[in-house]
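Now for the letters of each chain:
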Amino acid sequence: MSIVTDPASGRDSARDIAVWDPLVRLIHWSLALTILLNGAITEEESKLHEWVGNAALGLVALRLLWAVIGPRHARFSAFPPNPARAIRHMRAILHGDRTVHLSHNPLGAFMAYNLWLTVIALGVTGYMMTTIRFFGIDWVEEAHEFAFNWLMLSVALHVAGVAFDSWRSGVNLVRAMINGHKRIPDGTEVE
């Protein structure tokens, strides 16, 4: 952890903590790009749509592997899904808590797992639609469409959650996902 000095005042104003390694950031933004491409640009039944979908699946697989062997803040152990912890976190927020979590906060942890599982569901149902056995089967197409709609809702909630938590905590989470460092305001509790 390093202390950043505010040049205007000459006083220590923030702690700059490295949290997101380059692979986590590359996977995050690449996955966002694949979602944008397949959600808004590629033709649904095109080969490009399939390739981009396969790339998204590969990115999630790589991220899940990295969550086992990667650095501390990238690991599953840094942000386990825990309903009781998520409820306590929501209550703490309602009472004005501004604690900064170095990895995902308890709600963000659920969102990360949700996004990964939803992309996997999209990939599996998308692949199924290309097979002889499942081609043209209504429930497979409906499951794929449901997963896509769920992903769009989840992405919107994710972006809103990032904006809210950045405002609440004073930590620019988008910048942290770009440069890998969370700049934590002086006096803020860190978990």
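Refer to the structure presented above.
Note that the structure is a prediction, hence the values are computed from the model and not measured.

Asker: Is there a simple way to explain the layout of surface pockets in this structure?
Answerer: One water molecule sets the probe size; rolling that probe over the atoms shows where empty space is left. By volume, the largest pocket is sized at about 1,100 Å³. Lining the largest pocket are 42 residues, with His-28, His-104, Met-111, His-158 and Val-162 positioned closest to its centre. Of all the elements in the fold, those that place two or more residues in the lining of the largest pocket are helix H1 (22-41), helix H3 (83-94), helix H4 (106-128), helix H5 (138-169) and helix H6 (173-179). Top element by residues in the lining of the largest pocket is H5. It accounts for 12 residues. Reported here for the second largest pocket is a volume of approximately 940 Å³. Lining the second largest pocket are 30 residues; nearest its centre among them are Glu-44, His-49, Gly-126, Met-129 and His-144. Where the lining of the second largest pocket is concerned, the elements lending two or more residues are H1, helix H2 (47-69), H4 and H5. Take the lining of the second largest pocket: its biggest share by element is 7 residues, from H2.

Asker: In this structure, what is going on with a negative patch on the surface? I would like to understand it.
Answerer: Together, Glu-43, Glu-44, Glu-45, Asp-138, Glu-141, Glu-142 and Glu-145 make up a region of like negative charge exposed at the surface. Overall, the relative accessible area of 79% leaves Glu-45 in the exposed class.

Asker: Just checking my understanding: could you explain the side chain of Arg-25 for this structure?
Answerer: Tracing the backbone shows Arg-25 in helix H1. This buried residue, Arg-25, is left without a salt bridge; Asp-21 holds the nearest opposite charge, at 6.6 Å. Those residues in contact with Arg-25 that sit more than four places away from it in its chain are Trp-20, Ala-176, Met-177, Ile-178, Asn-179 and Gly-180.

Asker: What exactly am I supposed to notice about the pattern of salt bridges here?
Answerer: Side chains that differ in charge, positive against negative, can pair when their charged atoms come close. What the rule picks out here adds up to 3 salt bridges. Measuring nitrogen to oxygen at the nearest pair gives 2.6 Å for the salt bridge that ties Glu-191 to Arg-85. Pair noted here: Glu-191 is in the segment after strand S3 (181-185) and Arg-85 is in helix H3, with a separation of 106 residues, a long-range link. Here Glu-191 falls in the partly exposed class, since its relative accessible area comes to 46%. Looking at Arg-85, the relative accessible area reads 25%, which means it is partly exposed. Notably, a salt bridge pairs Asp-165 with Arg-168, separated by 2.7 Å at the nearest N-O pair. Separated by 3 residues within a single helix, Asp-165 and Arg-168 lie in helix H5, roughly one turn from each other. Here Asp-165 and Arg-168 have matching classes, each one buried.

Definitions and limits used
Residues numbered from 1 in each chain as written. Predicted model: local features only at pLDDT ≥ 70, side-chain atom pairs only at ≥ 80, totals over all residues. Heavy atoms only, no water. 1 Å grid on protein atoms, 1.4 Å probe; cavity = no way out; pocket = protein on both sides within 12 Å on 5 of 7 lines; lining within 4 Å. Points joined across faces, edges and corners; volume = space filled by probe spheres on them. Helix = DSSP H or I, 4+ residues; strand = E, 2+ residues; numbered from the N terminus. Patch = residues over 30% accessible without salt bridge, like charges linked within 9 Å, V, L, I, M, F, W, Y side chains within 5 Å. Areas by Shrake-Rupley, 256 points an atom, 1.4 Å probe, with all protein chains shown as cover. Salt bridge = Lys/Arg side-chain N within 4 Å of Asp/Glu carboxyl O. Lys, Arg positive; Asp, Glu negative; His and termini not counted. Charge placed at Lys NZ, Arg CZ, Asp CG, Glu CD. Buried < 20%, exposed > 50% of the residue type's maximum accessible area, 1.4 Å probe, protein only. Contact = heavy atoms within 4.5 Å.

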